[in-house]
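Here is what each chain is made of, one letter per residue.
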Amino acid sequence: MKSAVETLEPTKVKLTVEVTYDELKPSIEHAYEHIAQDVTVPGFRKGKVPPRIIDQRIGRVAVIEHAVNDGLSGFYAEAVRENDLRPLGQPEVEVTKVPGLVAGEDEGELHFTAEVEVRPTITVPELSEVALSIDGLDVSDEDVEGRLDALRERFGTLVGVDRPAAEGDFVVLDLVAKIGDEEIDSVSGVSYQIGAGNMLEGLDEALTGLSGGETTTFETALAGGDRAGEQAQVAVTAQQVKERQLPEADDDFAQLASEFDTLAELKDDLREQAGRIKAQNQAVQARDLLLEKLLEGTEIPVPRGVVEAEIHRHLESEGRLGDDEHRAEVDEQATVALRNQILLDTLAEQLEVKVSQPELIDYLVNASRQYGVDPNTFITTLDQQGQIPQMVAEVARSKAIAVALRRVAVTDPSGADVDLSEFIGTDEEDAAAEAEATGGETSQGVVSGSDAAAIPVFVDEQQA
């Protein structure tokens, strides 16, 4: 098979492929066998109709068409591998020549072209020249008090107050939404904390200063239902205003809220917790800064067709194909996501990152838990949908960041080096894990071991 590549754009190529008759012959033989199973010819058993009879009854053209359709994807995939291409979308294929349309003519070639968007070739900055400065691990008294207050809030009680509602108060309220004279929706007896911002836009402002029994109206866009997005007049009545009263921070509270006997012991533990969270956040911050610096130093052309396909898929799933404002938001999100993907895929290749089966299974099991789905069912569904390769790529991207962080300089505000090995592992741990997995023999480029444990840090960010 011969193939050639023509670059049409930085992110688009045209493959020209020539397949000999001998290479297409297995597909032709398979076409005869498949057609023989579907046709009924007097005097022949099902599946035993000779090729010459099929040519007479069905036609050689149908056989060749079947063979081409059957073999085209394989020939395309082979050409992609031969030319070291990395397609990012579906190809537009045009068959320009087919062989042997005359019965008994065992000659001629299959020629076709395929235009496809591909991952562009980019130059990633040299990691040894990248320096990152991240927050330190110092835990202040304010950090400890903040965690103590959060713990006290968990044991706090809501008490009714006879005063106007303020930020942080809880209000038991009634809502009635109208468009014109038509009542669209209403709720009663709902508890809402001012400042939460998880209901209607403008509700916080309307409730602030409102006392129990008072009513006010405000205009806002409806957040859900058949009239979502439309402007409505909303009447809100504060039935009751409540404030959270916190227990005193003393030894009695320490015994109530923890296994410690004294407040001092509890504070020491909260200080340790804050330190652990800061250490985890250091890893997350270093990841984000590294990605930011690599993106700043890399020119990444983005395949527009891939972005448009993602925009259409997203908007269609939401039933919002005509929403131009939302289209612009999705366009920006899809472009950023694809640019990050191109960078990390290139980085993974340069670092020769590989994904082992145990690492993939571990990632899929963790993902299934996030969705609340049985792991076996989750993995089987992904496999049936052909999405396992995408999952492998996700693991490789996470590992690429972890490995890259070992190659860059990471310091705190004082200029001291920061050790992130607890979260990103070490090369020595990888080598030991690899040797164990392969029975003592190593294969260059395989990255395993501690990175598998590091992956959740870069998926579920924890904030202090």
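Identification of the protein as Trigger factor from Cellulomonas alba is taken from an unreviewed UniProt entry. Listed in UniProt under the heading Function (unreviewed entry), the comment for the protein reads: "Involved in protein export. Acts as a chaperone by maintaining the newly synthesized protein in an open conformation. Functions as a peptidyl-prolyl cis-trans isomerase." UniProt's Catalytic activity (unreviewed entry) comment on the protein is quoted here verbatim: "[protein]-peptidylproline (omega=180) = [protein]-peptidylproline (omega=0)".

**Topic: the packing of aromatic side chains**
Centre distance and the angle of the planes are the two values used to describe a pair of aromatic rings. On inspection of all chains with the given rule, the structure shows two aromatic pairs. With a centroid separation of 5.8 Å and an interplanar angle of 90°, the aromatic rings of Phe155 and Phe253 are classed as edge-to-face. With a gap of 98 residues between them, Phe155 in the loop between α4 (141-154) and β6 (157-160) and Phe253 in helix α6 (residues 251-257) connect regions that are remote in the sequence. What makes Phe155 partly exposed here is its relative accessible area of 31%. What makes Phe253 buried here is its relative accessible area of 2%. When the ring of Tyr371 is compared with that of Phe378, the centres are 5.8 Å apart and the planes differ by 25°; the resulting orientation is stacked. On the basis of relative accessibility, which here comes to 62%, the residue Tyr371 falls in the exposed class.

**Comments concerning the sheet that holds strand β3 (residues 92-97)**
The strand order across the open sheet formed by four strands is β1-β2-β4-β3, and the pairing between neighbours is antiparallel. Of all the strands in the sheet, just β1 (2-9) and β3 have a single pairing partner and so form its edges. Sheet twist, expressed as the average angle between the axes of neighbouring strands with direction ignored, equals 20°. Each of β1, β2 (12-19), β3 and β4 (110-117) is contacted by helix α3 (residues 60-82), which is oriented at about 60° to β4, the strand it contacts most.

**Concerning a negative patch on the surface**
There is a patch of like negative charges on the surface, built from Glu248, Asp250, Asp251, Asp252, Asp261, Glu265, Asp268 and Glu272. Contributing elements (two or more residues each) for the negative patch: α6 and α7 (263-296). Of note, Asp252 is situated in helix α6.

**Some details on the nonpolar core**
In terms of nonpolar packing, the biggest core is built from 40 residues, with Leu132, Leu290, Leu347, Leu405 and Val408 touching the most fellow members. Going through the elements one at a time, α7, α8 (304-318), α9 (324-350), α12 (388-407) and α13 (421-424) are the ones with two or more residues in this core. Sorting elements by how many residues they give to this core places α9 first, with eight residues. Apart from the residues lying within four places of it in its own chain, the contact partners of Leu290 are Val130, Leu132, Ile401, Ala404, Leu405 and Val408. Formed by 32 residues, the second largest nonpolar core is a distinct cluster that contains Leu24, Ala36, Ile53 and Ile64.

The rules behind the values
- Residues numbered from 1 in each chain as written.
- Predicted model: local features only at pLDDT ≥ 70, side-chain atom pairs only at ≥ 80, totals over all residues.
- Heavy atoms only, no water.
- UniProt positions renumbered as here; feature names shortened; annotations may be inferred.
- Phe/Tyr/Trp six-rings, centres within 6.5 Å; stacked < 30°, edge-to-face > 60°.
- Helix = DSSP H or I, 4+ residues; strand = E, 2+ residues; numbered from the N terminus.
- Buried < 20%, exposed > 50% of the residue type's maximum accessible area, 1.4 Å probe, protein only.
- Pairing = 2+ DSSP bridges.
- Axes fitted to C-alpha atoms, helices over the stretch in contact; angles between N-to-C directions.
- Contact = heavy atoms within 4.5 Å.
- Patch = residues over 30% accessible without salt bridge, like charges linked within 9 Å, V, L, I, M, F, W, Y side chains within 5 Å.
- Areas by Shrake-Rupley, 256 points an atom, 1.4 Å probe, with all protein chains shown as cover.
- Salt bridge = Lys/Arg side-chain N within 4 Å of Asp/Glu carboxyl O.
- Lys, Arg positive; Asp, Glu negative; His and termini not counted.
- Charge placed at Lys NZ, Arg CZ, Asp CG, Glu CD.
- Core = buried A, V, L, I, M, F, W, Y, C linked by side-chain atoms within 4.5 Å.

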